[in-house]
Amino acid sequence: MGRYARKARERRSGRDRRRSPSWRSVTQFECIRYPGWREQLLQFLTRYLFMVLGIVFFNYSPVPGALWLPASTITAMLLGHGVLNTILLWHAVHRPICPARYRLAMWLDLVAVSLCVANDPYQVPPSALAFIMVVLGNGMRYGMALFAEAIVGTFAGAMVALSVNGAGGITQITPGVVFLNLFGGIILLYTYVLMSRIERSRFKLEERSRLDSLTGLVNRRALEEAADALLKSLLEHGGEVAVMFADMDDFKQINDRHGHAVGDLVLRRCARILQRSIRGHDIAARYGGDEFVLILLDIDLSGAERVARRIQESVSVWARENALCCTVTFGLAAAPRHGTSLPVLLKAIDEALYRGKRRPGRGGAVEWVTDESVKLSPVETPMLAD
């Protein structure tokens, strides 16, 4: 069995792999995050708490000045916000990931807080503190995109609300009100700058932890996280995914004859060819050493084999141009046809590749996992993490 069999055993023994509930890879720091259910539930409960506090504030606290709207109207408005919050909570229970709902809830909060600040009877409206909760609550949960939108909405809402509250009308704006609006806007913008720097640093660290330093492809840990969530979604919603395992033939000889620097160059070039041969939503990863894994969405094994042949041809052309002997053997499997977890699929591919490599002159082949081999070698499918 030799070197290849040892690599196969190492792959099969990786049972301590880290799991993650989310496979979505962030491509830029401004994108929307997708918080978990418990974090969203905390935000909904906080809205109920602020609704109760608002009703108590406008109905039972001493009123030093007149309100633009009667307390009963404000109470009805807050109760209406509570009803909408309940509808959104019901929607979140059935569909936790929904950027449109995140944005709608944020703007409902901004409208409700603006009306409360406009009707706050105190000279320094304590209800304006709720703006901070809206900005930080949405920014820290959903990322910089919604954070920026919350800042714009807060600045606009606060400008109108404080102008109405402090100037006796929108047309009677005093220098003090202008200064208050500008000062608040500067604070919000400064907060955004600080948060964006923190988010950029977090994003860079996250990307470094997900990428292979030599090839720039997704590393093994990130591949396993993505595959877990992707295959779970496949079971829930249907579809077809092709898993391709690329193993370079006699790579040790390249290192022995030409040195490790040339070997690293070969790995980087092969990784570039792999990346250019797939679509944007597919996954290319370095699994370890001279092994790569590709996950192609919405494609059958025939289509995956065509991709493998194109990759082999590109590698061969580049190798000939550089006076190198370099070929790649592919193993192909389909999910859920041949398995519903990455370890099961890779184990089946290992066996197919080993059968192919035992045949003389089989370097640079493309081996399919057969249905018969899967039936003859049943394996237990691990439980997928939520």
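Fair warning: this is a prediction, and the values are worked out from it, not measured in the lab.

Reading guide: rules and limits
- Residues numbered from 1 in each chain as written.
- Predicted model: local features only at pLDDT ≥ 70, side-chain atom pairs only at ≥ 80, totals over all residues.
- Heavy atoms only, no water.
- Helix = DSSP H or I, 4+ residues; strand = E, 2+ residues; numbered from the N terminus.
- Contact = heavy atoms within 4.5 Å.
- Areas by Shrake-Rupley, 256 points an atom, 1.4 Å probe, with all protein chains shown as cover.
- Phe/Tyr/Trp six-rings, centres within 6.5 Å; stacked < 30°, edge-to-face > 60°.
- Lys NZ or Arg CZ within 6 Å of the ring centre and 35° of its normal.
- Polar contact = N/O pair within 3.5 Å; in protein donor to acceptor, adjacent residues only side chain to side chain.
- pLDDT = per-residue confidence, 0-100.
- Core = buried A, V, L, I, M, F, W, Y, C linked by side-chain atoms within 4.5 Å.
- Buried < 20%, exposed > 50% of the residue type's maximum accessible area, 1.4 Å probe, protein only.
- Salt bridge = Lys/Arg side-chain N within 4 Å of Asp/Glu carboxyl O.
- Expected span 1.5 Å × (residues − 1).
- Axes fitted to C-alpha atoms, helices over the stretch in contact; angles between N-to-C directions.
- Parallel < 35°, antiparallel > 145°, perpendicular 65-115°, else oblique.
- Nonpolar A, V, L, I, M, F, W, Y, C, P; charged D, E, K, R; others polar.

S.K.: Which parts of the structure should I look at to understand the overall build of the protein chain?
M.R.: The helix and strand inventory of the protein chain stands at 13 helices and five strands. Contacts in the protein chain between residues at least 24 apart in sequence constitute 72% of all its contacts with a sequence separation of at least 6. Surface summary for the protein chain: the accessible area is close to 20,400 Å², and the carbon and sulfur share equals 62%.

S.K.: Please clarify how the packing of aromatic side chains should be interpreted in this entry.
M.R.: Overall, the coordinates contain two aromatic pairs when judged by the stated rule. Plain terms: the ring middles of phenylalanine 57 and phenylalanine 58 are 5.0 Å apart, the flat faces sit at 85° to each other, and that makes the pair edge-to-face. Stacked on the ring of phenylalanine 44, the Lys or Arg arginine 47 has its end atom at 5.2 Å from the ring centre. Positioned over the ring face of tyrosine 287 is arginine 220, at 4.4 Å from the centre of the ring.

S.K.: Explain the side chain of arginine 286 to me, please; I cannot follow it from the model alone.
M.R.: The topology assignment puts arginine 286 in strand S2 (residues 283-288). For arginine 286, the side chain forms a polar contact with the side chain of aspartate 212, separated by 3.3 Å. Discounting residues that sit within four places of it in the chain, arginine 286 has contacts with Asp212, Leu214, Thr215, Leu217, Val218, Asn219, Arg220, Leu267, Glu291 and Phe292.

S.K.: Please explain the confidence of the model for the protein chain as it appears in this structure.
M.R.: Low pLDDT marks stretches whose predicted atomic positions should not be read closely. For the protein chain, the average pLDDT comes to 77, and 73% of its residues sit at 70 or higher. Looking over the protein chain, one finds the lowest element-wise mean pLDDT in helix H1 (residues 2-12), namely 43, and the highest in helix H10 (residues 260-276), namely 93. Throughout residues 1-30 the model reports pLDDT below 50, and contacts reaching past four residues in sequence, or to other chains, amount to 62 contacts.

S.K.: What's the story with the nonpolar core in this structure? I'm lost.
M.R.: Soluble globular proteins: nonpolar side chains tend toward being buried together. Ranked by internal contacts, the top residues of the largest apolar core, which has 34 residues, are Met244, Met248, Val266, Leu294, Leu296 and Phe330. Elements with a minimum of two residues in this core: strand S1 (241-248), helix H9 (251-258), H10, strand S3 (291-297), helix H11 (301-321) and strand S4 (328-335). Residue contributions to this core peak at eight residues, all from H11. Excluding anything up to four places from it in sequence, leucine 296 contacts Glu240, Val241, Ala242, Met244, Ile278, Arg279, Asp282, Ala304 and Val307.

S.K.: What am I meant to see in unusual backbone geometry here?
M.R.: Across the chain, the bulk of peptide bonds are trans and the bulk of non-glycine residues have phi less than zero. A cis amide bond links alanine 335 to the next residue, proline 336, at an omega of 5°. Summarising the element assignment, proline 336 is placed in the loop between S4 and helix H12 (342-358). Even without being a glycine, aspartate 298 presents a positive backbone phi close to 55°. Structurally, the position occupied by aspartate 298 is in the loop between S3 and H11. Backbone geometry at alanine 323 places phi at a positive 55°, although glycine is not the residue there. Tracing the backbone shows alanine 323 in the loop between H11 and S4. Taking relative accessible area as the criterion, alanine 323 reaches 65% and is therefore assigned exposed.

S.K.: How should I be thinking about the environment of valine 134 in this particular structure?
M.R.: Relative to the helices and strands, valine 134 is located in helix H5 (residues 129-142). Judged by relative accessible area, which is 6%, valine 134 ranks as buried. Considering only alpha carbons, one finds valine 134 and phenylalanine 147, 13 residues apart in sequence, at a separation of 9.3 Å. Filtering out sequence-adjacent residues up to four positions away, valine 134 remains in contact with Met106, Asp109, Leu110, Val113 and Ala150.

S.K.: Help me understand the pattern of salt bridges in this model?
M.R.: Proximity of charged atoms lets side chains of opposite charge pair with each other. Tallied over the full model, the rule gives nine salt bridges. With a closest N to O distance of 2.8 Å, glutamate 225 and arginine 221 form a salt bridge. In this pair, glutamate 225 and arginine 221 are both assigned in helix H8 (residues 220-237), four residues apart and thus about one turn of the helix distant. The class of arginine 221 is partly exposed, set by a relative accessible area of 23%.

S.K.: Looking at this structure, how should I read helix H2 (residues 37-60)?
M.R.: Every α-helical turn comprises 3.6 residues, leaving residues that sit three or four positions apart pointing alike. With 24 residues, H2 should reach 34 Å at 1.5 Å per residue; the first-to-last C-alpha distance of 35 Å fits that figure. Three or more residues of H2 are buried, namely Gln40, Gln43, Phe44, Arg47, Met51, Gly54, Ile55 and Phe58.

S.K.: Hey, could you run me through the packing of H2 against helix H3 (residues 71-94) in this one?
M.R.: The relative placement of two packed helices is expressed as an angle between their axes plus a distance between the axes. Axis separation between H2 and H3 bottoms out at 9 Å; the angle between their running directions is 170°. As judged from the angle between their axes, H2 and H3 are roughly antiparallel. By residue class, the composition of the contact of H2 with H3 is 15 nonpolar, eight polar and one charged.

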